[in-house]
Amino acid sequence: MKILLINPPNSGRSIPEERYGITSVKQIFRGEPLALEVLAGNLDDHELRILDLKVNPDGLEAELSGFTPDIVALTAMTCEAQTVLRLATQIKQKRQTTVVVGGIHASADPDFFNCEQIDWIVVGLGKQSFSELVQALETKVDQRIPGVARTAPGTPLSFQPRKFSRNDLAEQHPPRYDLVEPYRPQYVLQTLGLQLGFVASAAGCPYDCSFCCISALTDGRYLTATIATVIRDIQQLQTPVIRLVDANTFGNPQHALQLADAIESAGIKKQFLADVRSDTVVRHPELLKRWQEIGLRAVVIGFEEIDDTALGAMNKKSSAAINLQAIEILHRIGLTIVGDFIISPDYTEQQFDKLGDFVKQQQINLPMHTILTPLPGTDLYRQLREKIIIHDLDYYTLTNAVLATRLDEELFYQRYAALLAEGHQSAKV
Ligand SMILES: C[S@@+](CC[C@H](N)C(=O)[O-])C[C@H]1O[C@@H](n2cnc3c(N)ncnc32)[C@H](O)[C@@H]1O
Ligand code: SF4
């Protein structure tokens, strides 16, 4: 079959820009669509293309009429969900084709896509289940595939949940990095001007922070990839920098240590960026040191908040003291700290001041500040549903307040923009 996999264009709207002319807050994402390359890897017997609308925003018409796909599959984060619905409508108007949607929003809130322009929804990791769906569509055998829902607009979505396991990683089939080769020069880490390649070494996360949608991908399971397949994937890429895209690369310290040893033994000389929790750094400083020796350059670490009450409310299962210890260890080892902090819409001016001071004092190399957003499907959403004032998902970019701000709204965004600017002045990765 002919299958077109689509990465949606940069989507999302900005309240600070639209209401107050603050243009510095809007975020642009551009990295390779690894999730689609991974899906493609498990579709050996089919004709495949990836269309990256983030790089080629006007490419849809040409691809639909030139390639004439039998199946079009789209992925979407929450802020892209409405864009993907609009694209699906366009696709259906142009061509009689099966439209499938997957990715993080489909996994966290599958009902959102229960509409007439979508035929199937893939819930959670899709490498294996999407391949099973394609086979069922090709052979026209009507089978119920766990983790795949047939849309039925107007009636509740009904499907069998999938019990995710290593089988869903379908590791024998590497990602089809070749399908995005024409786009690759555009996948650049802007702060360094370096080309970046993406590799996955684990899926899901064993933690359950209330704001986070990662657990929806594996129904709370944490799955590590076999060391040999991670090495294989790293070696496929020519790029000097590898971003390990796992939400939690060091979730199984023993596995992470084996991976570091294997990278060294394979003679791989690359730089790595990876996500780590602060409590992992504190419990396993020698692991981070080992990774620094084999090329880890920077870690992305979710500090989130600087006091224990706020961390507790998020179910972060960490503390302000652990965050401080982790910062000290990472500076000592010489790893660049990309620190994630979450600004509550409830913030006062004093809290903005305190956070700004903390980032400076602790010398966080690249602070990343998001605004607390109750993403559909998360515990936070269930807790705050009644208080949400903006329901339009185009604003769920993590840089808009979809809950009422305690400060006057314009002042809130001025303080937010100032915090971002301050952090980026001395940023290094
Ligand atoms: C994958 S995690 C970071 C690294 C690591 N997993 C950790 O917990 O330390 C991505 C980061 O995005 C931010 N984030 C995720 N969901 C968010 C939400 N709903 N609202 C605001 N920020 C969010 C948080 O700062 C979070 O730490
Ligand atoms: S924020 Fe990090 S630790 Fe928490 S659930 Fe998400 S990925 Fe896991």
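None of these values were measured; they are calculated from a predicted model.

### Quick word on the pairing of strand β4 (residues 98-102)
- Within β4, four of the five residues are buried, which leaves the element mostly enclosed by the surrounding structure.
- Across five bridges, strand β3 (residues 71-75) lies against β4 in parallel orientation. Its bridge partner lying in β4, Thr 75 is registered against Gly 102.
- Between β3 and its parallel partner β4, the chain crosses via helix α4 (residues 81-94), and the hand of that crossover is right-handed.
- Relative to strand β5 (residues 120-122), β4 runs parallel, the two sharing two bridges.

### A look at the site of ligand 1
- The local shell around ligand 1 holds 17 residues, among which Phe 211, Gly 302, Asp 340, Thr 370 and Thr 373 are the closest.
- Sorting the residues of the shell around ligand 1 by element identifies β13 (296-304) and β14 (336-343) as the ones contributing at least two each.
- Per-element tally for the shell around ligand 1: the top contributor is β13, with four residues.
- Looking at the shell around ligand 1 residue by residue, the class counts come to nine nonpolar, four polar and four charged.

### Observations regarding the site of ligand 2
- With respect to spatial proximity, the complete set of residues near ligand 2 consists of Cys 205, Tyr 207, Asp 208, Cys 209, Cys 212, Ile 214, Ala 247, Asn 248, Arg 277 and Gly 302.
- Of the residues belonging to the shell around ligand 2, the class tally is six nonpolar, two polar and two charged.

### Quick look at the domain arrangement of the chain
- Partitioning the chain into structural domains gives domain 1 (2-166) and domain 2 (187-425).
- The C-alpha-based centres of domain 1 and domain 2 are spaced at 25 Å.
- Between domain 1 and domain 2, the contact holds 30 residues from the first and 31 residues from the second.
- Within the residue set of the side of domain 1 that touches domain 2, elements represented by two or more residues are α1 (15-20), α4 and α5 (104-108).
- Its residues assigned to classes, the side of domain 1 that touches domain 2 comprises 14 nonpolar, ten polar and six charged.

### Observations concerning the environment of Phe 341
- Tracing the sequence through the fold places Phe 341 in strand β14.
- The exposure class assigned to Phe 341 is partly exposed, which follows from the 19 C-beta atoms found within 10 Å.
- Each C-alpha atom of the pair Phe 341 and Phe 250 lies 20 Å from the other, and the pair is 91 residues apart in sequence.
- Those residues in contact with Phe 341, other than ones at most four positions away along the chain, are Phe 303, Glu 304, Leu 355, Pro 367 and His 369.

### Side note on the sheet that holds β4
- Spatially, the six strands line up as an open sheet ordered β2-β1-β3-β4-β5-β6, and their pairing is mixed. Among the strands making up the open sheet, the edge pair consists of β2 (47-52) and β6 (148-150). On average, each strand axis in the sheet is inclined to that of its neighbour by 20 degrees, with strand direction left out of account.
- Note: strand β1 (residues 2-7) against β2, six bridges, orientation parallel. Paired with Lys 2 across the strands is Glu 47, a residue of β2.

### Some remarks on the sheet that holds strand β7 (residues 188-189)
- Reading across the sheet, the seven strands line up as β7-β8-β11-β12-β13-β14-β15 and stay open at both edges, with mixed pairing between neighbours. Among the strands making up the open sheet, the edge pair consists of β7 and β15 (366-371).
- Relative to β14, β13 runs parallel, the two sharing six bridges. When the sheet's bridge partners are listed, Ile 301 is paired in β14 with Gly 339.

### Concerning unusual backbone geometry
- Of note, Lys 140 is a non-glycine position whose phi angle comes to about 55 degrees, a positive value.
- Topologically, Lys 140 is positioned in the loop between α6 (127-139) and β6.
- Phi is positive for Leu 398, which is not a glycine, with a value near 75 degrees.

### Re the nonpolar core
- In terms of nonpolar packing, the biggest core is built from 127 residues, with Leu 5 and Val 299 touching the most fellow members.
- It is β13 that contributes the most residues to this core, six residues altogether.
- Each of domain 1 (2-166) and domain 2 (187-425) gives at least three residues to this core.

### Looking at the packing of helix α7 (residues 227-236) against helix α8 (residues 253-265)
- As a packed pair, α7 and α8 sit with axes 10 Å apart at the nearest point and diverge in direction by 45 degrees. For the element pair α7 / α8, the angle class is oblique. α8 is crossed by α7, and the crossing has right-handed handedness. Only Gln 258, Leu 259, Ala 262 and Ile 263 of α8 make contact with α7, whose side of the interface consists of Ile 227, Val 230 and Ile 231.
- For the contact of α7 with α8, the class distribution of residues is six nonpolar, one polar and no charged.

About the thresholds
In this numbering scheme, every chain counts its residues from 1 along its sequence in written order. To label them, take the chains in the order written and letter them from A, then take the ligands in the order written and number them from 1. For a predicted model such as this one, the threshold for reporting local features is a pLDDT of at least 70, and the threshold for listing and counting side-chain atom pairs is 80 or more; totals across whole chains, interfaces and linings nevertheless cover every residue. Remark: C-beta atoms are placed from the backbone, and a residue is labelled buried if 20 or more other C-beta atoms sit within 10 Å of its own, exposed if 12 or fewer do, or partly exposed between those counts. Each helix is a run of DSSP H or I of at least 4 residues and each strand a run of E of at least 2, with the numbering of both proceeding from the N terminus. Strands qualify as paired when DSSP identifies two bridges or more between them. Call a crossover right-handed when, viewed with both strands pointing away from you, the route from the first strand across the helix to the second goes clockwise. The criterion for a residue being near a molecule or strand is a backbone-placed C-beta atom within 6 Å of that molecule or strand. Any residue that is not Ala, Val, Leu, Ile, Met, Phe, Trp, Tyr, Cys, Pro, Asp, Glu, Lys or Arg is counted as polar, Gly included; the first ten are nonpolar and the last four charged. Each domain span listed reflects an automatic or database assignment of domains. For every residue pair, C-beta atoms are placed from the backbone, and the pair is scored as a contact if these atoms sit within 7 Å. Axes here mean lines fitted to C-alpha atoms, for a helix over just the part in contact, with angles spanning 0 to 180 degrees between N-to-C directions. Remark: nonpolar core denotes a set of buried Ala, Val, Leu, Ile, Met, Phe, Trp, Tyr and Cys residues whose joining runs through C-beta atoms within 7 Å. Oblique is the label for every angle not falling under 35 degrees (roughly parallel), over 145 degrees (roughly antiparallel), or within 65 to 115 degrees (roughly perpendicular). Crossing handedness is read from the near helix: turned anticlockwise from the far helix by less than a right angle, it gives a left-handed crossing, and turned clockwise, a right-handed one.

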